[in-house]
Structure formats: C-alpha cells, structure tokens
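# Secondary and tertiary structure notes
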Amino acid sequence: MPAAADVELVASIQSGHSGAETALYEKYAAKVYYLALRESRLPHDAEDVRAETFLRVLQAIRGNHLRSPASLGSFILGTTRNVLHELFLRRRQASNSTQPENAEAPTPPHEELFLDSEVQRAIERTIVRLKPRERALLRLHYYEELPTHEIARRVGIAPERVRLVKSRALKHFREVYKRLDKATAPKNLDTKRGSENTSI
Amino acid sequence: MHQQIEDEEIIERYVRNQLAPEERKAFEEHYFTCEECFAKLEVTERFVAGVRDAGSRGLLGRSASEVASSPGWRAWMLPMVAASACAAVVFAAVTGWVFFFRMPELRQQLNQTAANLRAEQAARAILEQQIASINQAEANLPLVMLQATRDLQAAPNEVTIPYGAKHLVLWIDVPAGNSRSFRLQVDAADNRPVESLDNLQRNTYGALAVSLPLEALQPGDYRIRLFRQEPLPVTLLAEYRLRIRRP
C-alpha cells in the first residue's frame, strides 16, 4: 500500500535514518520535476522548483509539521504547486519591472520539453509499422487536433477504431522507447527525470 | 479509478490540456501516488510530443489543409478530372452514334448484302443447272420442220414437247439463193420478242438447224421470221407459224 509505505518513510526520516530522505527523493523527484517542467516550461526553473519543494517537504517532516503521513503524496503535490505559484508571481513581477526589450523569450509548448532524439527515433520506428491510413489518423488527431468523428469520417473508419489505432501505436512506441531508453539510460537520466544530479 | 482513467482517456487528455481544472487536479493527486499511472503519463507525454514532431516533419503524410490548398494537386487533378469527363462525354456520344445511327445502317447494309448474296447464289444455282443440262446428253429431242406460209388461215406448224425435254430443234429448209448468213427472229403471239439468233449458216443439207431452249417457249403460238443477213441489205426471206403444245 503506497500510504503505508509513505507512513513508514516519514517515520524513518523523523527517526534520522540516513537512507530515508534519499528514498523519499527517488520516489517523488520525477513527479515533482515533471509537474514543474510542465507548468514552468523551463528546465532550470523546474529544477529550482524541485529543489525548493523537497527542501520544504523535508523541513516539514523533520519538524513534524506533516499532519497526515499517509497523505505524503498529496502534501508533496501541494508544496510543488505552492512553489510553482511563487515562481509565477516572481515571473510576473520580473516582467512588470523589465523593459519589453529585456523581457524573456516566450516559453516553448510543453510537449517540446519531452522531445529528444530517443523519442524521435522511437516514433519513427513506430510510424514505419503503421499503415498510411493509421499515420493519417495520428496526424489528424495529435497534430491537427481534429475531433474524433471528423477523423473517422476523413480516414474512413468507425469512430471506435480511432481509439484502437491510437492505443496500438502508443503500445508499440512504449516498447520501442523502453528498449532505446535502456540502451542509452546513463547519459539521459538527467534530462528525463532530473533526479540524479540534484541535491537538496 | 484506473478504469475511469482508461475509459475516459484521462492521461491523454491531461497531456493535451483537455481536462477541466477539477479533473486535472484530481488526476495529479492520483499520479503522485500511483507509479503505474505516472509511468503511463510519461510515455504518453513523449508519444504525443513525438507524434506532433513527426507531423511537423511530414512523416505522417501531408495534412488535410495542405492537400486541399496544394496548387500542385489542383494543377494536375482538375485537368485530369476535366479530361476524364470530356473523354466520357465523347465516348458516350460516339457510342450513342454507333448504337443509334451507324449500327442500323450497317445492319441494313448487311441484310442487303446477304440478300444480294442469296440472289447471286440462286442465280448461280440456276446457271449451274442450265450448264449441267447443256452438258448432259438429251434423248427424244423434239424437232419440227418449219414450213413457210403467209396465209393466216393456214394451220401452223405444230410440235408437242415431251416431258423432260429442254430444247426444241427447228429445221428450216432455206430457199435457194446467194444468201450466206441468216437471222432467225422468234416472237410470241403478242409480238413480244422471245429469241433472236444471228449468223446462221446452211448445213450440208442446205437447211438451217436451230436449237431453242424450251424454257423461253411456253405452250402457245409463235411467229418465226427468217432474214438474210449477208449479203446486205437485211431482207425478210420467210415467215413461219409455230404452235407448241404440252402433252
């Protein structure tokens, strides 16, 4: 049970177990970084959010300020949101006090933050196995963002089939990506999860 | 929860920012404590990013808008459609003309040709029959020795044609003189010309022997006139009356 494990983890941290804080970080760092990157859209801001979040979470656990250890996940999520909120406040203040010509460049769409050469290779290998009609379906759905019934009409299949084709493509992508990820894991850990190079 | 996430495609909709704020918060609460869903979320995030990237690189084929607005497509597709339509119209017109006009003409010509062919075959058959009859020996040949007369009240020369006879032989004693060749003119009683023979010569008996096909000589009365052809001028030498009977 995740809640029971979190209760045990909190107890271990509070009792001064040396490996408990690392275990807490390994369990939640990727999630915090993912959410932070998704919301902030800038990797260095996401890293800052992650570091600040775990600093506050550990302080709360050590200071016994955590009301419900069984809700550790929700507490970390809430802390992450608070840190992100503060980040956005600072950004707004910075942009208000900065001349337009010195303002930061617009942030990229969040999906571009999750694109790298491995993802591209995995997608290419997935696409090769698709029929032309299935490729068109993916393009209409994810790239042109048309509604399902319109996609079904254009591609000439039943609307229920749209979901099936997506699921098959995603499943194949997952298998290919997992193989590629294993083969290149050591050099990509930081860009994907951002959990190995960061200290609290 | 997992069934709802699966049924409502919560993960993909979260990645694509299509969840309502409450749904988004609820799902974030969930994946912060669910390793399985977070793993799916990461993969889906990369999958969507990869597919969008592939779409922008043209790896998923041309977009609908590109296809619709492509001048190249219009450049060859429209003329192709127009050419096909024209070809179809021309083909239909030609087919209609052939079917409604040319075919009846050809059919009529064919019928006419077939009728002509049948007529020619019939004529050929008759000729072949005649030739065969000519080449065959004929027994009991009817013969009449014509006696000249100018008396209309006198009895005509009569001959009864036996059954199966195909020719009638006329034997004409020619009056003595210097005539070298003769013409024989046979007319029916109503003066309709029936037969005419030129360049007749006397035989060793000093007479003219003439074979007439009986096909043209139906039972009835005939007037036969003998003319001198040479030396000129042509002169009527004698006139005969002949009555042909059938048994």
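### Side note on the interface of chain A and chain B
Facing 45 residues of chain A, the contacting portion of chain B comprises 43 residues. Taking both partners together, chain A and chain B bury about 4,100 Å²; carbon and sulfur atoms supply 57% of that area. Considering only the side of chain A, the residues that lose the most area to chain B are K31(A), Y34(A) and Y142(A), jointly responsible for 17% of the buried surface there. Here E28(B) ties to R81(A) by a salt bridge, and the two come within 2.7 Å at their closest N and O atoms. Run the count over chain A and chain B and you get 20 residue pairs in polar contact (both at pLDDT 80 or more). Taken together, the elements giving at least two residues each to the side of chain A that touches chain B come down to α2 (20–40), α4 (72–97), α5 (117–128), α6 (132–143) and α8 (159–183) of chain A.

### What about the nonpolar core?
Among the nonpolar cores identified, the biggest contains 71 residues, and L24(A), L72(A), L138(A), F27(B), Y31(B), L41(B) and F47(B) are the most heavily contacted of them. Tallying contributions element by element places α2(A) first for this core, with twelve residues. When near neighbours in sequence (up to four residues on either side) are disregarded, Y31(B) contacts K31(A), Y34(A), L35(A), Y14(B), C37(B), F38(B) and L41(B). Grouped together as the second largest cluster of nonpolar side chains are 27 residues, V144(B), A165(B), L217(B) and L242(B) included.

### Regarding the sheet that holds strand β3 (residues 167–173) of chain B
Residue and element names in this part refer to chain B. One open sheet holds the three strands; their spatial order is β1-β3-β6, and the pairing between them is mixed. Only two strands of the sheet have a single neighbouring strand rather than two, namely β1 (143–146) and β6 (207–213). For this sheet the average axis-to-axis angle between neighbouring strands, irrespective of direction, equals 25°. The sheet contact formed by β1 and β3 spans four bridges and is parallel.

### Some words on the sheet that holds strand β4 (residues 181–188) of chain B
All names here are of chain B. As summarised here, the arrangement of the five strands in space is β2-β8-β7-β4-β5, forming an open sheet in which the pairing is mixed. Only two strands of the sheet have a single partner each, and these edge strands are β2 (157–160) and β5 (193–200). Strand-to-strand twist of the sheet, defined as the mean angle between neighbouring strand axes without regard to direction, takes the value 25°. Relative to strand β7 (residues 220–230), β4 runs antiparallel, the two sharing eight bridges. The partner of V186 across the bridge, within β7, is I224.

### With respect to the confidence of the model for chain B
Regions with low pLDDT should not have their predicted coordinates read in detail. Residues and elements named next belong to chain B. Here chain B shows a mean pLDDT of 84. Residues at 70 or above account for 91%. Here helix α5 (residues 64–69) is the element of chain B with the lowest mean pLDDT, 46, and helix α3 (residues 21–31) is the one with the highest, 94. Overall, residues 65–74 carries pLDDT values under 50, and its contacts beyond four positions in sequence, including any with other chains, amount to six contacts. Model confidence for the complex is summarised by a pTM of 0.55, with the ipTM given as 0.86.

### Description of the packing of α2(A) against helix α4 (residues 35–56) of chain B
In helix packing, the relevant descriptors are the interaxial angle and the interaxial distance, both defined with respect to the helix axes. Here α2(A) crosses α4(B) at 40°, and the two axes come no closer than 12 Å. With respect to their mutual orientation, α2(A) and α4(B) come out oblique. The way α2(A) lies across α4(B) gives a crossing that is left-handed. Contact residues: α2(A) offers K27(A), A30(A), K31(A), Y34(A) and R38(A), while α4(B) offers E35(B), F38(B), L41(B) and E45(B).

### Digging into the environment of A51(A)
Position of A51(A) relative to the elements: it lies in helix α3 (residues 43–62). Remark: the alpha-carbon pair of A51(A) and V83(A), spanning 32 residues in sequence, is separated by 9.9 Å.

Procedures and definitions
Residues numbered from 1 in each chain as written. Chains lettered and ligands numbered in written order. Predicted model: local features only at pLDDT ≥ 70, side-chain atom pairs only at ≥ 80, totals over all residues. Heavy atoms only, no water. Contact = heavy atoms within 4.5 Å. Buried area = accessible area lost by both parts, 1.4 Å probe. Salt bridge = Lys/Arg side-chain N within 4 Å of Asp/Glu carboxyl O. Polar contact = N/O pair within 3.5 Å; in protein donor to acceptor, adjacent residues only side chain to side chain. Helix = DSSP H or I, 4+ residues; strand = E, 2+ residues; numbered from the N terminus. Core = buried A, V, L, I, M, F, W, Y, C linked by side-chain atoms within 4.5 Å. Buried < 20%, exposed > 50% of the residue type's maximum accessible area, 1.4 Å probe, protein only. Pairing = 2+ DSSP bridges. Axes fitted to C-alpha atoms, helices over the stretch in contact; angles between N-to-C directions. pLDDT = per-residue confidence, 0-100. Parallel < 35°, antiparallel > 145°, perpendicular 65-115°, else oblique. Left-handed = near helix turned anticlockwise from the far one by under 90°.

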